[in-house]
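Below are the chains, spelled out letter by letter.
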There are 2 protein chains.
Amino acid sequence: MKSGLSFLLAARQCEIRELERLAETGTLVTLVSRFTHALQRERGASNLFLAPGGQRFAAQLQEHVAQSGASEADVRAHFEQLDIVEGSRIPNGARLFSRIAVVLHGLESLPDLRRRVAGRALTLPEATAAYARLIANLLAVVFEAADSAGDPEVSRALIAMFNFMQGKEFAGQERAFGATVFASGRVEAASRQHWQHLIDTQQGCFQLFLDFSDPAILAVEHASHDPQALAEIERLRRIGLYPSPRREVDAALSQDWYEACTRRIDSMQAVENALASNLRRVCEREIERAQEGLRDQRALMDSLEQPEGGVPAAMPGRYGPHLERSILGMVQEQSRRLQAMSDELDTVRAALNDRKVVERAKGLLMAHRQLTEDEAHKVLRTMAMNQNRRLVDVAEAVLTMADVLPGRSH
Amino acid sequence: MKSGLSFLLAARQCEIRELERLAETGTLVTLVSRFTHALQRERGASNLFLAPGGQRFAAQLQEHVAQSGASEADVRAHFEQLDIVEGSRIPNGARLFSRIAVVLHGLESLPDLRRRVAGRALTLPEATAAYARLIANLLAVVFEAADSAGDPEVSRALIAMFNFMQGKEFAGQERAFGATVFASGRVEAASRQHWQHLIDTQQGCFQLFLDFSDPAILAVEHASHDPQALAEIERLRRIGLYPSPRREVDAALSQDWYEACTRRIDSMQAVENALASNLRRVCEREIERAQEGLRDQRALMDSLEQPEGGVPAAMPGRYGPHLERSILGMVQEQSRRLQAMSDELDTVRAALNDRKVVERAKGLLMAHRQLTEDEAHKVLRTMAMNQNRRLVDVAEAVLTMADVLPGRSH
C-alpha cells in the first residue's frame, strides 16, 4: 500500500518529467526561432530582389533560400519525432499540434511563393505579407509553448523569447514597409499610422522581453546595439513619419533605410541565440533542482524507515511523534512550495494575456462578420489607430460588446 | 514526412487522451466523494456518541466506522493504481499527488482519532475539528482535479461537484456547531458570527453548484428537498441566532436541530450521486464527440488522398486549389474550435478563483506570522466577520498588502 510519502516522491517525479518535457519544447522553440530568422532574411533578400533593378540580388536571394531550406528541414525533422503520447502529456497538446498543422499547411505554399518571387510575379508588399503569414504561424507555435509551461522560471524564459521574436518580426515588417514608403516618394496619413503602429507594437514587445530577461541576457542585448544603425533608423523614421510639407521624400533614402534596418535586425540574432541558450540552461537548472529535492526527500525517507521491517506501510502511528512532525513538515513544505510556484506562474502568465485578448476579439469578429484572420486583425488595428488606443484595449472593448452584437454564434 | 493534416489528427487524439484521463480523474473524484460522505456520517455519529448520555449510540457509531473503512479502502485502492507516468500527463500532476500525500498522511491519524472518540477522550468540538481536517484534505483533491480539467464541459461538472461537496461539508459543520450551541443553553456574539459565517459560505457554495449544473441535476436537487426539515432548520437557526433576550435557549432543542440537519444532509447524497453520474456521462459524451470529429476528419482526409500514390506527402501543391481550400477550412475550423474551448475554459475556471485567492492569502499569513493553516484561516475568517466582508475580499486585501508587510520571504 502506498504511503503519503511515496506520493510526495511521485509529486517530485511529476515535476521532473514536466521539466524534461519543457526542455524538449525548448529545443522545438529554438529550431522554430532559427527557421523564423532564416525566413526573415529570405524575406529581406526577396524585398531587395523585387525592388526596381533588384535582379542583381538574385544570387544572394538563392543563398538565403538555401539557408531557409536547411532550417526548415531541422524543424520538420523535429516535428516528425513528436508523437501523440508525448503530445497528450502537454497541457495544451491539442492546441500545440493544431498550431503545427497550421505551420505545415502554410509551408506547402512556400515553394510556390519562391517561384513567384523568382519570376518577379509578385509585388514587394504581396511577397512581404506572404512571408509574414508563415512567420506568424511559427510565432503562434512559440506562443503556445510559452502558454503550456507549468514552471514559472521556464515560462519566464519562453515569454522573453516569444516577445523578442515577435518584436524582431515587427522590426522586419517595419523595414519592408519603410522601404516601400521611401521608394514611393510620399507618405500618406494611413501609411503614417501603420508605420507608427509597427513602432509601438515593436516597442511593447521589446519592453516585455526586457521585463522577463535576466542580467546576462540584458548584457548581450546591450552589447548587440549598433548605435550608428539605431541613430540612422531614428533619423529616417523622423523623415518618413513627419516629412517636410515643402519637399517630397527622397526615394534614394529607401536604400539607406533598408541597410540600417538590416544591420539592426541582423544584430538581434545574437540576442535570440542567447535567449535559446538561456532557455536550455533554465530547464537544466530547474531539472537539477528538482532532482536534488527528490534526493533529499529520499534520504529523509530512508532515515525514517524502520529497520525492523514487517510493519505494514499503511499502519498508523508507525513513526514516533518526533518523526511524525518531520513528515508533516515535509508534506506541508511541498504543498506550500507548489502553491507558491503556481501563484508565480499565474503572475508570469498574465503577460500572455494581451495577446489572448486580441486573438479572442479577432475570433469574434471572424465569426460575426465572416472575416478572414487578416481582415479581422486589420479591423482591430484600424479601430486602434483611429481611436489612438492600444490594440488590446480595442480588443477588450470588442469582447465587452460581444453580448449585444447581433447574430452571436455562441 | 508528416503533413499538416496528420497533426490535425494528432491534435484530436491529444484531446481524446486528455478526456480519457479526465474520465479516470472523475472516478477518483467519485470515490473521494463517497469516502467524504462516509466520514461526514461517521463524524455525525461520533457527535451523538460524545454528547452527554451518548453511549447508547455506540453501535451506530461502529456501523458508520465500518462503512467509512470500506470507502477508505476503495479510495486507497484507486490511489494505489495511479502511476507516475499517468501523473506526469496531468497538467498539475505534482499538485494532485501532493494533495494525495496530505490525505494519506492525515489518514494515518484516523485510527487514533477513533480510539479517542471510543474512549470519550475528546470533546465534541475537538472530534468535529479533527474530522473536518481530514475532509478538507479530501476536498482539496477534488479541487485540484477540477483545476486540472482542460475541457470546459468536464470542468463545469467538476466545479459543480466540488462546490456541492464543499457546501455539504459546511452544512455538516453547521450541524455540529449548532448542536453544541443549543446544548450549552446560550449563544454568545462570537458564536453567532461563526454560525452566520457557516450559513453564508454554505449558501455561496450551493449557489455556484446551481450555476454550474444542468437541468437534470437541478431536478434531482429539487426533488431531494425535505421541506419539513428545511423549515425546522430555518426556525431553529432563527432561535439560535437571535435568541429572545428574556429567555435562555432551550438545551433540548439540540436534539431537534441535530435530527433536522441530519435529514437534510442525508438527502444531499442523492444529489452527490447524480453529480457523479453526470460527471461520468459528460466525460463519455465528450469522448464520443471527439472521436466522431476524428472519424470525420479521417474520412475527409481519405477522400483527399490521391489514389495514384507515389506523391511524397510533403510535396507542395499536391492537392488542387479546391481541395486546398477544404484543407485550409479544416485547419482553421480546428484552431477556432480549440480557441473557443480555451476561452470558455478560462471563463468557467474563474469560478475557482475565489478559493485560490483565499489559499494564497492563507499561505502568506502562514509564512509571515508563522501560523498553521488552521490559524491562518481563523485570522482571515475573524477579519471577514469583524469587517462584515466576504472571505475572498479580505483575502484580496491581504494579498494587496503583501508588498508592504514586513519580513516578506519571497
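For the structure itself, look to the data block above.
This section reports on the structure supplied with the text. This one's a predicted model, so the numbers in the text were calculated from it and none came from an experiment.

Reading the values: rules and limits
Residues numbered from 1 in each chain as written. Chains lettered and ligands numbered in written order. Predicted model: local features only at pLDDT ≥ 70, side-chain atom pairs only at ≥ 80, totals over all residues. Heavy atoms only, no water. Core = buried A, V, L, I, M, F, W, Y, C linked by side-chain atoms within 4.5 Å. Buried < 20%, exposed > 50% of the residue type's maximum accessible area, 1.4 Å probe, protein only. Contact = heavy atoms within 4.5 Å. Salt bridge = Lys/Arg side-chain N within 4 Å of Asp/Glu carboxyl O. Helix = DSSP H or I, 4+ residues; strand = E, 2+ residues; numbered from the N terminus. Axes fitted to C-alpha atoms, helices over the stretch in contact; angles between N-to-C directions. Parallel < 35°, antiparallel > 145°, perpendicular 65-115°, else oblique. Left-handed = near helix turned anticlockwise from the far one by under 90°. Nonpolar A, V, L, I, M, F, W, Y, C, P; charged D, E, K, R; others polar. Disulfide = S-S within 2.5 Å.

## Brief notes about the nonpolar core
- Formed by 174 residues in total, the largest nonpolar core has its most connected members in Phe-79, Ile-100 and Val-154 of chain A together with Phe-79, Ile-100 and Val-154 of chain B.
- Apart from residues no more than four positions distant in its own chain, Val-154 of chain B is found in contact with Leu-19, Leu-22, Ala-149, Leu-279, Val-282, Cys-283 and Glu-286 of chain B.

## Structural notes on the pattern of salt bridges
Residues and elements named next belong to chain A.
- Enumeration according to the criterion identifies 58 salt bridges over all chains in this entry.
- Between Asp-112 and Arg-115 there is a salt bridge; the shortest N-O distance is 3.7 Å. With Asp-112 and Arg-115 both in helix α5 (residues 110–118), this residue pair falls three residues apart, about one helical turn.
- Take Asp-112: its relative accessible area is 35%, and that puts it in the partly exposed class.
- Classification of Arg-115 by relative accessible area gives exposed; the value is 56%.
- Among the ionic contacts, a cluster of salt bridges with common partners joins Arg-95, Arg-99, Glu-144, Asp-147, Arg-349 and Lys-356.

## Quick notes on the packing of helix α5 (residues 110–118) of chain B against helix α6 (residues 124–148) of chain B
Residues and elements named next belong to chain B.
- Two elements in contact, α5 and α6, have axes whose closest approach is 11 Å; the angle formed by their N-to-C orientations is 160 degrees. Judged by the inter-axis angle, α5 sits roughly antiparallel to α6. Considering how the two elements wind past one another, α5 and α6 form a crossing that is left-handed. Contacts between α5 and α6 pair Leu-110, Leu-113, Arg-114 and Val-117 from the former with Ala-127, Ala-130, Tyr-131 and Leu-134 from the latter.
- Across the contact of α5 with α6, the residue classes tally to seven nonpolar, no polar and one charged.

## A short note on the state of the cysteines
- For the coordinates displayed, the defined rule picks out zero disulfides over all chains.
- No disulfide involves Cys-261 of chain A; its sulfur sits 16 Å from the nearest other cysteine sulfur, which is in Cys-205 of chain A.

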